[in-house]
Amino acid sequence: MRTTLNILVFGSGAREHAIADSVLKSPLIDKLYLAQAGAFDLGEVIEFSDYEDLAKKCAGLKIDMAIFGPEEPLCQGIVEIFKSHNIPCIGVNKYFSQLESSKLFGKKFMEKYGIKTAKYEVINNLSTVQPFNRSTVVIKADGLCGGKGVVIANNEAFAQKTIEEFLAGKFGENSKTVLLEEFLQGEELSLMSLWDGKTLLHFAPSKDFKRLNKSPSAPNTGGMGAFCPVKLNSFQQKKLDEYKNKLKKALETEKADFVGFIYSGLIMAQKEGVWDWHVLEYNVRLGDPEAQATLAHLKTDFLEVLKAALEQNLDKIKLEYNEDISACLTLACEGYPKTPRDGKKITLPEETAENRDIKVFYAGVEKIDGELYSKGGRVLSLCTTSQDPFWDLKNFAKEIEMENKYFRTDLEVR
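All of the points below concern the structure found in this document. (Residues numbered from 1 in each chain as written. Predicted model: local features only at pLDDT ≥ 70, side-chain atom pairs only at ≥ 80, totals over all residues. Heavy atoms only, no water.)

### A closer look at the overall build of the chain
Part 1 of the argument: Per the secondary structure count, the chain includes eleven helices and 22 strands.
Part 2 of the argument: Rg of the C-alpha trace for the chain: 21 Å, near the compact-globule value of 22 Å for 414 residues, within the 12% margin.
Part 3 of the argument: Counting only C-alpha atoms, the chain reaches 60 × 50 × 45 Å along its principal axes.
Part 4 of the argument: Relative to its 414 residues, the chain shows a buried fraction of 54%.
Part 5 of the argument: Restricting the contact set of the chain to residue pairs at least 6 apart, pairs at least 24 apart contribute 68%.
Part 6 of the argument: For the chain, the accessible surface area stands at approximately 18500 Å², while carbon and sulfur atoms represent 46% of it.
Part 7 of the argument: Across the chain, the centroid of the 54 positively charged side chains sits 4 Å from that of the 60 negatively charged ones. (Helix = DSSP H or I, 4+ residues; strand = E, 2+ residues; numbered from the N terminus. Rg over C-alpha atoms; globule rule 2.2 N^0.38 Å. Buried < 20%, exposed > 50% of the residue type's maximum accessible area, 1.4 Å probe, protein only. Contact = heavy atoms within 4.5 Å. Areas by Shrake-Rupley, 256 points an atom, 1.4 Å probe, with all protein chains shown as cover. Lys, Arg positive; Asp, Glu negative; His and termini not counted. Charge placed at Lys NZ, Arg CZ, Asp CG, Glu CD.)

Pasting the structure below:
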C-alpha cells in the first residue's frame, strides 16, 4: 500500500457524504473517487454499468481502498467482485451480510452464540399464525425493505393486516417470510464496530431517534436524529462489555474473513427478572444518522483507522474523541416516510454553516443549475459538536428555507 491512498466511497446518502468528508481530512489521502454518488461534490465521480465494470475501472485507477456505505451492494456481493480485482475493501462479504439481509439468519446467529434477543416465531403463510396473547408485537419482513420492513402492532387486527400485506409480497420476495417478535421495552443504544479479521474495534455508543415524532404510535423512519456518546452507568457498561466479548468470540469462531462494520441495535430490557442488553437488529454498515454524529465526535483520523483495519492492526488503534457531545438532526420532507412532498428548492442561511461549526450533509438532495432541491424523504443531515448540540441544530434548521420541511423539535441529549 502506498504512503498516500486513492480512496473510493460508494453511496449517495448523508452517511456517505460524512464518510467522504472525514477521509478528506486525512493526510493519508491522495485522491478521492465517488461511485453512485449523491449531490455532494467532493471527488471524481466514476460512471459504471455494473459492479464488475466499476471494479475494473477502480483497478485501472489504482484504488487502494473501497469503502461501501449502503447495505444493498454488500448483500449483492460487491466485495467479492472487488477482491477478484485485488482491491482492498471496507465492507462485509456476501455471506455475513445476511446478518442484515435476513432477519432469520441474524436470529440463528444470536441463538448459536448465546446473544440475547427477543423471542420470535417464523411465519411463511397465514395458517401458521398462532392466536395473539400479547398486547403489542413486532412484525419484521425477513429481507431488506429499505428501512420499512419493521412494524410495531398494538392490536391483533392491525397485526393480522400487516402480516397479510407482507406475505402477499408488499416488499416482493423480501417479505414472503415474516418474523413475529415479542415487544421489548427499554433504553435503546447503537453500537458500531469495525472488524479486521482478528480485532473488533468499537466506536463510542450512540443513540438514534427512529420515530417520526415523540408519539409512541408514530411510524418508524430511517432516523430523525442521533447523538454521540451515550453515557452509561457502571451496570450498563458491564453488560455492554459482556456483549462485546460475545460478539467478538462469535466472529472468531465463525472465522469471519472480512474487513467491515457491524452495527448492533441494542435495547436494555428486563426478561424473567433479569436486565441485560438484547439485540434488536444487526446491520452490516455504519448507521445513518449515527455515523454522522459519531464521525463528528471522533478526533482520531478515520482513514488511519480504516487503513489499520486492512492491515489487521486495529489492536494498535486507540480512539480519541471530542470533549463535547456531537449530534445529527435530520431535515426531511413533510409526508415522510409514506408520501414525502419533495422537489422543493433548498436555501441555506446566509451565515454559512461552517462559521457556526455546523456540517450539512446531503441525503435526498438534487443539484440543478447549481441550486439544491429536495429529492427524497430525508433531505439533509445537520451535524455539530457542542454542549447543547440539538439546540444549535434546531435553530439552524429553522433558518433553512424549504417548502414542506420537517424536523423533530423535541430531540435532546439524554
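### Notes on the sheet that holds strand 15 (residues 274-283)
Part 1 of the argument: Strand order in the open sheet made by the four strands is 11-10-14-15, with antiparallel pairing throughout. Unpaired on one side and paired on the other, strand 11 (200-202) and strand 15 mark the two borders of the sheet. Averaged over all adjacent pairs, the angle separating strand axes in this sheet is 35°, with direction ignored.
Part 2 of the argument: The pairing of strand 10 (residues 187-195) with strand 11 spans three bridges and is antiparallel. By the bridge assignment, Trp-195 is partnered in strand 11 with Leu-200.
Part 3 of the argument: Sheet strands in contact with helix 10 (residues 302-310) are strand 10, strand 11 and strand 14 (260-271), and its direction is about 60° off that of strand 10. (Pairing = 2+ DSSP bridges. Axes fitted to C-alpha atoms, helices over the stretch in contact; angles between N-to-C directions.)

### Quick look at the packing of aromatic side chains
Part 1 of the argument: One pass over the structure, following the stated rule, counts 15 aromatic pairs.
Part 2 of the argument: Both rings, one in Phe-68 and one in Phe-82, keep their centres 5.2 Å apart while their planes meet at 90°; by these two values the pair is edge-to-face. With Phe-68 in strand 4 (residues 65-68) and Phe-82 in helix 4 (residues 78-83), this pair connects stretches of sequence that are 14 residues apart. The same class applies to Phe-68 and to Phe-82, which are both buried. (Phe/Tyr/Trp six-rings, centres within 6.5 Å; stacked < 30°, edge-to-face > 60°.)

### What about the pattern of salt bridges?
Part 1 of the argument: Evaluated as defined, the whole model comprises 27 salt bridges.
Part 2 of the argument: Of the charged contacts, one joins Lys-239 and Glu-242 as a salt bridge, the two residues approaching to 3.5 Å between their closest N and O atoms. One end of the pair is Lys-239 and the other is Glu-242, both in helix 8 (residues 234-253) and three residues apart, which spans about a single turn.
Part 3 of the argument: A single network of salt bridges, built from pairs that share partners, joins Asp-21, Lys-25 and Lys-359. (Salt bridge = Lys/Arg side-chain N within 4 Å of Asp/Glu carboxyl O.)

### Observations regarding the pairing of strand 18 (residues 358-362)
Part 1 of the argument: Counting buried residues along strand 18, four of its five residues qualify, which places the element largely inside the surrounding structure.
Part 2 of the argument: Note that strand 18 and strand 21 (residues 378-386) share five bridges and pair antiparallel. Looking across to strand 21, one finds that Phe-361 is bridged to Ser-381.

### Overview of the environment of Lys-214
Part 1 of the argument: In this fold, Lys-214 is placed in the loop between strand 12 (207-208) and strand 13 (225-228).
Part 2 of the argument: For the pair Lys-214 and Thr-409, spaced 195 residues apart in sequence, the C-alpha separation works out to 9.6 Å.
Part 3 of the argument: When residues no more than four places from it in sequence are discounted, the contact partners of Lys-214 are Arg-408 and Asp-410.

### Details of unusual backbone geometry
Part 1 of the argument: Between Cys-228 and Pro-229 the backbone carries a cis peptide bond, its omega angle lying at 5°.
Part 2 of the argument: Position of Pro-229 relative to the elements: it lies in the loop between strand 13 and helix 8.
Part 3 of the argument: The omega torsion of the bond from Tyr-336 to Pro-337 falls at 10°, within 30 degrees of zero and hence cis.
Part 4 of the argument: Mapped onto the elements, Pro-337 comes out in the loop between strand 16 (325-333) and strand 17 (345-346).
Part 5 of the argument: Phi angles above zero are rare outside glycine, and Asp-357 is one such case at about 55°.
Part 6 of the argument: Position of Asp-357 among the secondary structure elements: in the loop between strand 17 and strand 18.

### Quick word on the nonpolar core
Part 1 of the argument: The biggest cluster of nonpolar side chains holds 113 residues, and the ones touching the most others in it are Phe-82, Tyr-282, Phe-302 and Leu-380.
Part 2 of the argument: Once residues within four sequence positions are removed from consideration, Tyr-282 is found in contact with Leu-99, Glu-100, Phe-109, Met-110, Ile-115, Tyr-243, Leu-247, Ile-262, Tyr-263 and Ser-264. (Core = buried A, V, L, I, M, F, W, Y, C linked by side-chain atoms within 4.5 Å.)

### Re the packing of helix 1 (residues 14-24) against helix 9 (residues 290-297)
Part 1 of the argument: One can describe the packing of helix 1 onto helix 9 by two numbers: an axis separation of 8 Å at closest approach and a directional angle of 20°. Relative to helix 9, helix 1 is oriented roughly parallel. Pair helix 1 / helix 9 crosses with left-handed handedness. Every residue of helix 9 that contacts helix 1 at Ala-14, Arg-15, Ala-18, Ile-19 and Ser-22 is listed here: Ala-291, Gln-292 and Leu-295.
Part 2 of the argument: Classifying every residue of the contact of helix 1 with helix 9 by side-chain character gives five nonpolar, two polar and one charged. (Parallel < 35°, antiparallel > 145°, perpendicular 65-115°, else oblique. Left-handed = near helix turned anticlockwise from the far one by under 90°. Nonpolar A, V, L, I, M, F, W, Y, C, P; charged D, E, K, R; others polar.)

### Here's the deal with the sheet that holds strand 17
Part 1 of the argument: What the three strands build is an open sheet, ordered 17-20-19; its pairing is antiparallel. Each edge of the sheet is formed by a strand with only one pairing partner; in this case those strands are strand 17 and strand 19 (365-368).
Part 2 of the argument: Bridge count between strand 19 and strand 20 (residues 371-374): four bridges; the pairing is antiparallel. By the bridge assignment, Ile-368 is partnered in strand 20 with Glu-371.

### Observations regarding helix 1
Part 1 of the argument: Among the eleven residues in helix 1, ten count as buried, and that is most of the element.
Part 2 of the argument: Restricting attention to buried positions, one finds in helix 1 the residues Ala-14, Arg-15, Glu-16, His-17, Ala-18, Ile-19, Ala-20, Asp-21, Ser-22 and Val-23.

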